[in-house]
Amino acid sequence: MNTYSVMFGGEAGYGVMSAGMMVARAASRNSLWSMVVNEYPSLIKGGLNTCMARLGAEPLAAHEESFQFLGALSQQAFDQNYSKVRTDGIVLYDCEAVKTPEVQGDAPGIWIGLPLLQKLPGDAAKVMGNSALLGAFCALSGFPRAAILQVMNDEFKKESVREQNKAIFEAAFKEAADKCCPASGLFGLPMAASQEPKMLLNGNDALAMGAIQGGCRFCAGYPMTPGSSVLVYMADQGARYGVVFKQAEDEIAAVNMLIGASYAGVRSLASTSGGGFALMVEALGFAAQAELPIVLVNAQRGGPSTGMPTRTAQADLLFTTFASQGEFPRFVLAPGDVDECFYETARLFDLTERFQVPGLILTDKYLADSSVSRPFFTTPLEPQVEAGRASEEWLAAQQPYLRYSEAAGSEAPPRAVPGQKGGAYIATSYTHSDDGFYSSGDKEYAAREPETAVAGLDRWYEKLPAMEAAADGLKQYGPDEAELTLFVWGSTKGAALETMELAKQEGLTVNVLQVLYVAPFPVQALLKTLPRVKKSLLIEGNKTAQLGFLLRGHLGYAVDESYLKYDSRAFTPSQILARIKEVLG
């Protein structure tokens, strides 16, 4: 795949992420495809922020750790990244902020120092240094200057700010062009005005849009990186679609607000990370016991405890799949790209409504925070089903209304919402009878308590086969049979799919099995697929091979080899390809 990657780095507050996004937007508007990966510490100022924009003539779903251009505004940005520049690449650095090491002669790329920050006008904030960085980047790499200026016209709404940034851009462009004209590391991808408009969005934005598509009309939460931007999107955009947003005092309050909204018949969403999800677990059991559908997002980050708030991981798989007091069925969706964040989130709201169980979405910092360009979603903004709702005609014929009756004959008993005539019932966190009633002091109830407990659990788990079939939780990519099958879940999908194509170019036959729904686990689909697997390689971003644990537990299947990465960074195609070559010899 022919791609061009640029990385900008500097302290927080220098606007390096905005610079990378402007390059990606300019490329996306001019027939190319973009992917943007941000890395940043848990700091407001200082530290090291980096933004890598990868551009290509085909859609992108993964990044690589080497790049053709590095723009460094700080010593740390330079020191940690100059060795990743390709041998024919360009290293641009601020000549006052960066002291280059003695190894320049043996280091990769052409090194060019310019006073990017020192020549800013007196009233220009340091954040405007990114405009100088962009000007020098265009001059040295040959990236179309007009494309960046067009994005600036849209980026800066205030005319005085826009003109000041454009002046800084032009001054840096001229100085860089006058000083050096590199013969290598040049941007060579063809650009032309796009015929089809594209979005540039990250997984959290797509997920929030999918929730609205799925009929979500209430969202509550307490900010926790990297799940917070779902809440930000809903707070900023939700009201246009009838969504009520509430920032709660903590995660416990948020999830209980969701339960109240669901009891009132409103589809509801909360977003958090592992620590916040831990606080929600008791109420998750309440939602399951009362059979009230809610959707919770756990955007994983490095742990345990506070861990690494702004880094990626895939270590919450088992925790999310089994989190509960007692046992109950649930859906656990692990989307692998922005399309699945949108479409599967929308579908999950329908599934939770139909089966009246909680739905959990397991993403991670890499998927949540990385942006890709793609065409606009085309699905109409309307929920697809209202399964499980009791009509007033049905209620009139079913008096007294037994909310949790086994006799309903459906995948879940029809439920009423407040205000429906004849639909009053008790929603409790206690194990209860078919009318929702619980009282250990009631002799009649106490006498049949064992039977009530068994009947309730049996009724829940009788739904499991239908839930598994409806989820359709296994996806296969590539040929039906291959020398090696990659088992993946979540954000590793993108790197695995690109690796599959790279392997093909080297004469290796590889296919990919993606577990999209971790619960209910796709046992039936895997039973049909596993006999065709000749050799397997498990790829996960955790230490303990958690998907491998589920494969053994549900199917008795042990993968042949594993590639486990738990260094707080995402997989790249070249890393996976190297491991494939080791496995296949």
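My aim in this report is to walk through the structure given alongside it, one point at a time. All values derive from a computational prediction rather than experimental measurement.

What about the overall build of the chain?
For the chain, the helix and strand inventory stands at 20 helices and 20 strands. Here the chain has a C-alpha radius of gyration of 27 Å; the compact-globule value for 585 residues is 25 Å, and the two agree. Taking the principal axes of its C-alpha atoms as reference, the chain extends roughly 90 × 60 × 45 Å. Burial statistics for the chain: of 585 residues in total, 57% are counted as buried. In the chain, once contacts between residues fewer than 6 apart in sequence are set aside, the share between residues at least 24 apart is 75%. Both charge centroids of the chain, one from 49 positive and one from 64 negative side chains, sit 4 Å from each other.

Digging into empty space enclosed by the protein
Inspection of the entire model under this criterion finds four cavities of 30 Å³ or more. Of the voids in this model, the largest cavity is the one considered here, and its volume is about 50 Å³. Taken together, Val266, Arg267, Ser268, Pro293, Ile294, Val295, Phe349, Thr352 and Glu353 form the lining of the largest cavity. Broken down by element, the residue count for the lining of the largest cavity peaks at three residues, all from helix α11 (residues 338–355). Residues that form the lining of the largest cavity fall into these classes: five nonpolar, two polar and two charged.

Things to note about the pattern of salt bridges
Under the criterion given, the structure shown has 24 salt bridges. Linking Glu353 and Arg415 is a salt bridge whose minimum nitrogen-to-oxygen distance equals 3.3 Å. Here Glu353 is found in helix α11, whereas its partner Arg415 is found in the loop between α13 (392–396) and α14 (443–447), with 62 residues between them in sequence. Comparing Glu353 with Arg415 shows no difference in burial state: the two are buried. With a closest N to O distance of 2.8 Å, Glu506 and Lys581 form a salt bridge. With Glu506 in the loop between α17 (492–505) and β17 (510–515) and Lys581 in helix α20 (residues 573–584), the pair connects residues that are 75 residues apart, well separated along the chain. We classify Glu506 as partly exposed; its relative accessible area is 46%. Judged by its relative accessible area of 38%, Lys581 is partly exposed.

A short note on the layout of surface pockets
Considered as a void within the structure, the largest pocket measures approximately 590 Å³ in volume. Mapped onto the lining of the largest pocket, the elements with two or more residues apiece are β2 (33–39), α11, α12 (365–369), β14 (371–375) and α17. The element that contributes the greatest number of residues to the lining of the largest pocket is α17, accounting for seven residues. Across the lining of the largest pocket, the residue classes tally to 13 nonpolar, six polar and seven charged. The calculated volume of the second largest pocket comes to roughly 460 Å³. Along the wall of the second largest pocket there are 25 residues; nearest its centre are Gln289, Thr431, His432, Gly456 and Trp460. If one sorts the elements of the lining of the second largest pocket by residue count, helix α15 (residues 449–462) sits on top with seven residues.

Focus: the sheet that holds β17
Strand order across the open sheet formed by five strands is β15-β17-β16-β19-β20, with mixed pairing between neighbours. Bordering the open sheet on either side are β15 (474–477) and β20 (561–564), each of which pairs with just one other strand. Across the sheet, the mean angle separating the axes of adjacent strands is 20 degrees when strand polarity is ignored. Summarising the sheet, strand β16 (residues 484–488) and β17 pair through five bridges and their orientation is parallel. Among the inter-strand pairings, Phe487 is bridged to a residue of β17, identified as Leu513.

Some thoughts on α20
Taking 1.5 Å per residue as the helical rise, α20 with its twelve residues ought to reach 16 Å, and the 16 Å between its terminal C-alpha atoms agrees with that figure. Here α20 has its buried residues at Pro573, Ile576, Leu577, Arg579, Ile580 and Val583. Along the axis of α20, the buried positions cluster into a sector of 165 degrees, meaning they face one direction only. Downstream of α20 by one or two residues, Gly585 has phi in the positive range, about 75 degrees.

Focus: the nonpolar core
In terms of nonpolar packing, the biggest core is built from 77 residues, with Met234, Leu269, Phe331 and Leu486 touching the most fellow members. With seven residues, the top contributor of residues to this core is α11. Discounting residues that sit within four places of it in the chain, Leu486 has contacts with Ala496, Val510, Asn511, Val512, Leu513, Leu537, Ile539, Ile576 and Ile580. If you look at the next biggest cluster of nonpolar residues, it comprises 54 residues, including Leu258, Leu296, Leu317 and Leu530.

With respect to the packing of helix α6 (residues 203–213) against α11
Here α6 crosses α11 at 30 degrees, and the two axes come no closer than 7 Å. In this view, α6 runs roughly parallel relative to α11, as classed from their interaxial angle. The crossing of α6 and α11 is right-handed. Taking contact as the criterion, the partners of Gly203, Ala206, Leu207, Met209, Gly210, Ala211 and Gln213 in α6 are, on α11, Val338, Cys341, Phe342, Thr345, Ala346 and Phe349. Looking at side-chain class alone, the contact of α6 with α11 contains nine nonpolar, four polar and no charged residues.

Describing unusual backbone geometry
The step from Gly303 to Pro304 runs through a cis peptide bond, and the omega angle for that step is 0 degrees. Following Gln399, the chain continues to Pro400 via a peptide bond in cis, the omega torsion being -5 degrees. Position of Pro400 relative to the elements: it lies in the loop between α13 and α14. The backbone phi angle of Ser568 is positive, close to 75 degrees, even though this residue is not glycine. Along the chain, Ser568 falls in the loop between β20 and α20.

Definitions and limits used
- Residues numbered from 1 in each chain as written.
- Predicted model: local features only at pLDDT ≥ 70, side-chain atom pairs only at ≥ 80, totals over all residues.
- Heavy atoms only, no water.
- Helix = DSSP H or I, 4+ residues; strand = E, 2+ residues; numbered from the N terminus.
- Rg over C-alpha atoms; globule rule 2.2 N^0.38 Å.
- Buried < 20%, exposed > 50% of the residue type's maximum accessible area, 1.4 Å probe, protein only.
- Contact = heavy atoms within 4.5 Å.
- Lys, Arg positive; Asp, Glu negative; His and termini not counted.
- Charge placed at Lys NZ, Arg CZ, Asp CG, Glu CD.
- 1 Å grid on protein atoms, 1.4 Å probe; cavity = no way out; pocket = protein on both sides within 12 Å on 5 of 7 lines; lining within 4 Å.
- Points joined across faces, edges and corners; volume = space filled by probe spheres on them.
- Nonpolar A, V, L, I, M, F, W, Y, C, P; charged D, E, K, R; others polar.
- Salt bridge = Lys/Arg side-chain N within 4 Å of Asp/Glu carboxyl O.
- Pairing = 2+ DSSP bridges.
- Axes fitted to C-alpha atoms, helices over the stretch in contact; angles between N-to-C directions.
- Expected span 1.5 Å × (residues − 1).
- Arc of directions from axis to C-beta.
- Core = buried A, V, L, I, M, F, W, Y, C linked by side-chain atoms within 4.5 Å.
- Parallel < 35°, antiparallel > 145°, perpendicular 65-115°, else oblique.
- Left-handed = near helix turned anticlockwise from the far one by under 90°.

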